[in-house]
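Chain by chain, the residues:
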Protein chains: 2
Amino acid sequence: MKVLMIVSHPRLETGSIANKIIAAEAGKLDNVEIRDLYRIYPQFEIDVQAEQEALEAADLIVLQFPLFWFSIPAMLKHWLDKVFTEEFAFGPGAHKLKGKQLLLSVTVGGPEGAYSRGGHFDATIDDLLQPMHLMASFTGMTAQDSIVSFGMMAGAEKAGEPSASEIQAPVHAEQLVALLKA
Amino acid sequence: MKVLMIVSHPRLETGSIANKIIAAEAGKLDNVEIRDLYRIYPQFEIDVQAEQEALEAADLIVLQFPLFWFSIPAMLKHWLDKVFTEEFAFGPGAHKLKGKQLLLSVTVGGPEGAYSRGGHFDATIDDLLQPMHLMASFTGMTAQDSIVSFGMMAGAEKAGEPSASEIQAPVHAEQLVALLKA
């Protein structure tokens, strides 16, 4: 199984703990190609053909991102807006994504309890990512159950102790790697 | 009432009918400042200070955009990700947006009936824009009822007849302008 992992964190090297650890672990597998969008396209000048070729070659597409403002980061949306063209991703005779698997691998700053119906935000992560699930079905992809880690916020740890991100990210990565190997 | 209208269409002059008409009508009012993000920031290099100053000066913030992939366009998300900083938009003692009004003014390509629970996409526009409503409450803004026009897709009209966009956009604009005058 060929895996394309699209990583969308604006400061993967300097500002991310969890996304960096998860991407590094997944990147150790031979069958995984990682594309770090904010690094490849610092001025948002996406190479549509290169991205479409990478997508076509993959069986499973993993979108790795932090939840920003209850949604996907801007770069990932830009990638969708630019790369998922009518000729490529939908429309008569152009279903290049049809039959592929899609997996959302998400880190969330806030606590799990806030993201529930009746909870602080009165919405689950799946509620908030409904546009992505509709995108999957619109393009003929099958969305697997998302992998989501909560409380991935820097600065909340006590001095000298590992952060929640440092503790949880390896667990998240292990769950993801097990899926990518299967 | 001072109004800031943030327009986010990647091809406002050449590829938009509805957003162009709506922005032009709103721009005739003396109390409305229009910022066309894709034009101002072709390489996504947002001037955070300029955007924050424009926001601070406004009583009502109108976000004018087409729905792309069941969500806001990438540029609008980039604007949110960059401009709505912790020092500015949320966090202790930094609620610069608190008390302002927010209005989503949205054009949608698909037909209205598709965007309902039980309908083709099994979600309303409000469901899909839930991240924006949560953003509003997180920053202390009050979201007014959105203005939404459906069927705003080029190419569906018969030769020689006006498109749905050309027919509906002035209606949408009139509704918006009435609110901005109030």
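The model shown is predicted, which means the values in this text are computed figures rather than measured ones.

## Considerations on the overall build of chain A
Check the secondary structure of chain A and you find eight helices and six strands. Helices (α) and strands (β) of chain A occur, in sequence order from the N terminus, as β-α-β-α-α-β-α-α-β-α-α-β-β-α. Against the globule reference of 16 Å for 182 residues, chain A gives a C-alpha radius of gyration of 16 Å, in line with a compact fold. In terms of overall dimensions, chain A has C-alpha extents of about 55 × 40 × 35 Å along its principal axes. Put simply, chain A has 182 residues, and 40% of those count as buried. Considering only intrachain contacts with a sequence separation of at least 6, the fraction spanning at least 24 residues in chain A is 74%.

## So, unusual backbone geometry
A positive phi angle is found at tryptophan 69 of chain A, which is not glycine, with a value near 50°. With respect to the helices and strands, tryptophan 69 of chain A occurs in the loop between strand E3 (60–66) and helix H4 (74–83).

## Observations concerning the nonpolar core
Counting 102 residues, the largest nonpolar core has Met5, Ile6 and Ile61 of chain A together with Met5, Ile6 and Ile61 of chain B as the members making the most contacts within it. Setting aside residues up to four positions removed in sequence, isoleucine 6 of chain B forms contacts with Arg35, Leu37, Ile61, Val62, Leu63, Gln64 and Trp79 of chain B.

## Some remarks on the interface of chain A and chain B
Chain A puts 21 residues into the contact, and the matching count from chain B is 21 residues. Counting only elements with at least two residues in the side of chain A that touches chain B, the list comes to H4, helix H6 (125–128) and helix H7 (130–138) of chain A. The greatest single-element share of the side of chain A that touches chain B, amounting to five residues, is contributed by H4 of chain A. Class assignment for the residues of the side of chain A that touches chain B results in 14 nonpolar, four polar and three charged.

## A look at the relation of the copies chain A and chain B
Overlaying chain A with chain B gives an RMSD of 0.0 Å, the required rotation being 180° about an axis along which the chain moves by 0.0 Å. The symmetry that links the two subunits is that of a two-fold axis. In this assembly the copies share their binding face: 100% of the residues contributing to the interface of chain A also contribute to that of chain B.

## Section: the packing of helix H1 (residues 18–27) of chain A against helix H8 (residues 164–181) of chain A
Residues and elements named next belong to chain A. Where H1 contacts H8, the two axes come as close as 8 Å, and the packing angle between them is 30°. Relative to H8, the element H1 lies roughly parallel. Pair H1 / H8 crosses with right-handed handedness. Seen from H1, the contacting residues are Ala18, Ile21, Ile22, Glu25 and Ala26; seen from H8, they are Ser165, Gln168, Ala169, Pro170, His172, Ala173, Leu176, Val177 and Leu180. Its residues assigned to classes, the contact of H1 with H8 shows ten nonpolar, three polar and one charged.

## What to know about the environment of leucine 76 of chain A
All names here are of chain A. Examined against the element boundaries, leucine 76 turns out to sit in helix H4. The exposure class assigned to leucine 76 is buried, which follows from the 23 C-beta atoms found within 10 Å. Separated by ten residues in the primary sequence, leucine 76 and glutamate 86 have C-alpha atoms spaced 18 Å apart. Other than its neighbours up to four places away in sequence, leucine 76 contacts Ser8, Leu37, Leu63 and Phe65.

## Comments concerning the pairing of strand E4 (residues 101–107) of chain B
Along a regular strand, successive side chains alternate from one face of the sheet to the other. Residue and element names in this part refer to chain B. Counting buried positions along E4 yields six of seven residues, so the element is predominantly enclosed. Strand direction decides the pairing type here: E4 and strand E5 (residues 142–143), joined by two bridges, are parallel. What sits directly across from glutamine 101, in E5, is threonine 142. Bridge count between E4 and strand E6 (residues 147–149): three bridges; the pairing is parallel. Paired with valine 106 across the two strands is valine 148, which belongs to E6.

## Overview of the pairing of strand E2 (residues 32–36) of chain A
Strand direction decides the pairing type here: strand E1 (residues 3–7) of chain A and E2 of chain A, joined by five bridges, are parallel. Bridge assignment links methionine 5 of chain A to a residue of E2 of chain A, and that residue is isoleucine 34 of chain A.

## Examining the packing of helix H3 (residues 48–57) of chain A against H4 of chain A
Residue and element names in this part refer to chain A. Direction vectors running N to C along H3 and H4 enclose 90°, while the axes themselves pass 10 Å from each other. On the basis of the axis angle, H3 is roughly perpendicular to H4. For the pair formed by H3 and H4, the contact residues are Val48, Glu51 and Gln52 on the first element and Trp79, Lys82 and Val83 on the second. Grouping the constituent residues of the contact of H3 with H4 by class yields three nonpolar, one polar and two charged.

## Quick notes on the environment of alanine 23 of chain B
Residues and elements named next belong to chain B. With respect to the helices and strands, alanine 23 occurs in helix H1 (residues 18–26). Note: C-alpha distance between alanine 23 and alanine 169 (146 residues apart in sequence) is 10.0 Å. Setting aside chain neighbours within four positions, we find alanine 23 in contact with Met5, Val7, Ile34 and Gln64.

## With respect to H4 of chain A
An α-helical turn contains 3.6 residues, so a residue and the one three or four places further along point in the same direction. Within H4 of chain A, seven of the ten residues are buried, which leaves the element mostly enclosed by the surrounding structure. The set of residues buried in H4 of chain A consists of Ala74, Met75, Leu76, Lys77, His78, Trp79 and Leu80 of chain A.

## Quick word on the environment of leucine 29 of chain A
All names here are of chain A. One can find leucine 29 in the loop between H1 and E2. The class for leucine 29 is partly exposed, based on 15 C-beta atoms found within 10 Å. Contacts of leucine 29, omitting those with residues within four sequence positions, involve Val177, Leu180 and Lys181.

Calculation rules
- Residues numbered from 1 in each chain as written.
- Chains lettered and ligands numbered in written order.
- Predicted model: local features only at pLDDT ≥ 70, side-chain atom pairs only at ≥ 80, totals over all residues.
- Helix = DSSP H or I, 4+ residues; strand = E, 2+ residues; numbered from the N terminus.
- Rg over C-alpha atoms; globule rule 2.2 N^0.38 Å.
- Buried ≥ 20, exposed ≤ 12 C-beta atoms within 10 Å, placed from the backbone.
- Contact = placed C-beta atoms within 7 Å.
- Core = buried A, V, L, I, M, F, W, Y, C linked by C-beta atoms within 7 Å.
- Nonpolar A, V, L, I, M, F, W, Y, C, P; charged D, E, K, R; others polar.
- Least-squares fit on C-alpha atoms with pLDDT ≥ 70 in both.
- Axes fitted to C-alpha atoms, helices over the stretch in contact; angles between N-to-C directions.
- Parallel < 35°, antiparallel > 145°, perpendicular 65-115°, else oblique.
- Left-handed = near helix turned anticlockwise from the far one by under 90°.
- Pairing = 2+ DSSP bridges.

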